[in-house]
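Close look at the chain arrangement
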Amino acid sequence: MNAATSAPAQKFGRLRSLFCPVQKSEFKLFIPLLLIFFFICFNYNILRPAKESLVVTAPGAGAEILPFLKVWAVLPMALAMSLLFTKLANRFSIEKVFYIMMSIFVGFFVLFATVLYPLREYIHPYAWANSMEAVLPLGLKGLIAIIRHWSYALFYVMAELWNVSIMTVLFWGFANEVLNVGVAKRFYVLILLGGNQSAIAAGGAIAFMSKMGLKWGAKLGTDPWQISLLILTFFTLFSSGAAMIILRWLHKNVLHKREIHIEAKEKETKEEYQLGLRKNFQYLAKSRYLLLIATLVVAYNICINLTEVTWKSQLGQIHTDPSHFQAYMGKVTLWVGIIATFISILSATLLRQFSWTVNALIPPIILVITGAGFFSFLLCKNSTLGMALAGFLGSTPLVLGTFFGSLQNCFSRASKYTIFDATKELVFIPLSRESKLKGKAAIDGVGSRLGKSGSSLLYQALLLSLGTVDMTLPYVALIFLIVTVLWIVAVCSLGKEFNLLVEKQEKEQILKKQVLEKEEMEPVTSTSSSEALV
């Protein structure tokens, strides 16, 4: 199903190779992939601020709810969603699975905006949650908040799983099937650049939603957040519909030429490589190569979760209203898109000129540098130096800490959406079809959630022991440092195995080409001999 493998080689000029290394014959495949990814990322970028605004600013919740959500809500739902995906993938084509999965998510968001949120006062067990809060330890505040605002928690879970189920498993799984390593090196950075532009567009859309919510909420005398939620649902419906229409066009007008080949691959998958969640993890445990990929994914999610909980705890103290919280997160999303655009332009050259290892080391190094600055200030914010710095800048330690957290979040997410995703997807391509299917389902479907859930369990233990997020800072900073070091070690090890695997495949392709050329020459030689005898 490698749609782009047959395209002839073409050398590009310096500017063309930097900004658009795509052959004319490849545009029918490249542009639909770019647009589908844009719309999927647009939904993710507008859902992310919404889910966080909803739960962090909910009465009696705060950022303490996030570690409990990721362990007791997101992880079980991720397992259930992965199980559903494997069942669907064994029965239907990847195109039909895409439509079914996307319809499930969009259907829930419509239900939440039109039914669950308007009826929140009637369906949330506020009195029971308050009675539990009076007798349970302070460290369990986040768990009680999940029960108190269960529909908000469900919205958070579905928005969180959009990234894993739709973007990572479905889209990238499909892209890895239709592209080979050489073409992917040219396409992936540009596709990720399109995703970054969606972040910029989403930042503007979030600002619009917040503005309209406050404006019409005041005019109609209703909750501004409810107006924003209805606009968000409309955007989600439009983007999802556009992505499905483009995917249908791609299958009908481009991939139908390889219909027999595709059907054979799907039959092979269903007969030989039946997906099963338990079997996928068993297969993963036997492969050192896949375990190293899983280490990268888990390490990133641990690092980002450790910093985000701390940052959002401070942000929630400043912006207590969900509309204002969402507006601030919209600005962060906008800047993530801008920074990621510059990183994408740079990485387009780096990915083609330097080794996989060099490129894959960029994200952990960025996280180490920005994380060191963030945690250093937080640990010293109440010291004489920290107070003096805040006073010199005409601010407060809380506001300045939030700024450093925003800066760290922008750079870490921007590196993830560009060079991290590109390098991670590249290492799947040289693998066998069985390894791709089973490894990706296990790593992207559940592995990323395990990273966040593992760090969340650590956070819960720290909260139960120490009580508040601020008290956990020294321990969180130490864990962050250890994980980034392990991440760097895993990158170096995986890079060696990836290079060996690619070299082996290139040699096999050269041998196959030589055999084919020899077979083509043999009939010609026989004919010439016959003519000579005559």
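Described in the following lines is the structure provided in the data block. (Residues numbered from 1 in each chain as written. Predicted model: local features only at pLDDT ≥ 70, side-chain atom pairs only at ≥ 80, totals over all residues. Heavy atoms only, no water.)

**Digging into the overall build of the protein chain**
Where we set the bar: By definition, any uninterrupted DSSP run of H or I lasting at least four residues is a helix, any uninterrupted run of E lasting at least two residues is a strand, and each is numbered from the N terminus. In this description, contact between two residues means that some pair of their heavy atoms is separated by no more than 4.5 Å. Per-residue accessibility takes into account occlusion by the displayed protein chains alone, with areas from the Shrake-Rupley method and a 1.4 Å probe.
Each helix and strand in the protein chain was counted, giving 20 helices and 0 strands. For the protein chain, long-range pairs separated by at least 24 residues make up 83% of all intrachain contacts whose partners lie at least 6 apart in sequence. When the accessible surface of the protein chain is summed, it comes to about 23300 Å², and 68% of that surface belongs to carbon and sulfur atoms.

**Some words on the packing of helix α3 (residues 65-91) against helix α13 (residues 288-318)**
Defined as follows: For helices, the axis comes from a line fit to the C-alpha atoms of the stretch in contact; other axes are also lines fit to C-alpha atoms, and the angle between any two N-to-C directions lies between 0 and 180 degrees. Here roughly perpendicular refers to angles of 65 to 115 degrees, roughly parallel to angles under 35, roughly antiparallel to angles over 145, and oblique to all remaining angles. Basically, the charged four are Asp, Glu, Lys and Arg, the nonpolar ten are Ala, Val, Leu, Ile, Met, Phe, Trp, Tyr, Cys and Pro, and anything else, Gly included, counts as polar.
Axis separation between α3 and α13 bottoms out at 9 Å; the angle between their running directions is 140 degrees. As the angle between them shows, α3 and α13 are arranged oblique. Packed against α3, whose contacting residues are Leu 66, Pro 67 and Lys 70, the element α13 presents Asn 305, Glu 308, Val 309 and Lys 312 at the interface. For the contact of α3 with α13, a count of residues per class yields 3 nonpolar, 1 polar and 3 charged.

**A few points about the pattern of salt bridges**
Pairing is possible between side chains of opposite charge, provided their charged atoms come close. Cut-off, in case you're wondering: Basic side-chain nitrogens of Lys or Arg form a salt bridge, by our definition, when they fall within 4 Å of a carboxyl oxygen of Asp or Glu. Only protein chains enter the accessibility calculation, which uses a 1.4 Å probe; a residue is then buried when its area is under 20% of its type maximum, exposed when over 50%, and partly exposed in between.
Summed over the entire model, instances satisfying the criterion amount to 12 salt bridges. In this structure, Glu 95 engages Arg 248 in a salt bridge whose closest nitrogen and oxygen atoms are separated by 2.6 Å. Of this pair, Glu 95 sits in helix α4 (residues 94-116) while Arg 248 sits in helix α10 (residues 224-253), and the two are 153 residues apart along the sequence. Glu 497 serves as the salt-bridge partner of Arg 288, at 2.2 Å between the closest nitrogen and oxygen. Of this pair, Arg 288 sits in helix α13 while Glu 497 sits in helix α20 (residues 473-533), placing them 209 residues apart in sequence. Look at Glu 497 and you get partly exposed, because its relative accessible area is 22%.

**Some details on the packing of helix α2 (residues 27-56) against α4**
Packed helix pairs are specified by the crossing angle of their axes together with the interaxial distance, meaning the distance between the axes. Going by this rule: Here a crossing is called left-handed whenever its near helix is offset anticlockwise from the far helix by less than a right angle, and right-handed whenever the offset is clockwise.
Following both chains from N to C, one finds α2 and α4 inclined at 35 degrees, their axes separated by 14 Å at the closest point. Where α2 crosses over α4, the handedness of that crossing is left-handed. In this structure, α2 uses Ile 36, Ile 40, Leu 47 and Leu 54 to contact α4, whose residues at the interface are Phe 98, Met 102, Phe 109 and Phe 112.

**Regarding the packing of aromatic side chains**
Just so we agree on the cut-off: Two rings from Phe, Tyr or Trp (for Trp, the six-membered ring) form a pair when their centres sit within 6.5 Å of each other. Planes less than 30 degrees apart are called stacked, planes more than 60 degrees apart edge-to-face, and all others tilted. For a ring to carry a charge above it, either NZ of a lysine or CZ of an arginine must fall within 6 Å of the ring centroid while also lying within 35 degrees of the normal to the ring plane.
Counted by the stated rule, this structure contains 26 aromatic pairs. Judged by centre distance (5.1 Å) and plane angle (80 degrees), the ring pair of Phe 171 and Trp 172 falls under edge-to-face. Assigned by exposure class, Phe 171 and Trp 172 land together as buried. With 6.1 Å between their ring centres and 80 degrees between their planes, Tyr 300 and Trp 487 make a pair best called edge-to-face. With a gap of 187 residues between them, Tyr 300 in helix α13 and Trp 487 in helix α20 connect regions that are remote in the sequence. Summarising the burial analysis for this pair, Tyr 300 and Trp 487 share the class buried. An aromatic cluster is built from Phe 108, Phe 109, Phe 112, Tyr 117, Tyr 152 and Phe 155, whose rings are joined through pairwise contacts. Sitting over the face of the ring of Tyr 117, Arg 120 holds its NZ or CZ atom 4.1 Å from the ring centroid. A cation over a ring is seen here: Lys 219 above Trp 216, with NZ or CZ 4.7 Å from the ring centre.

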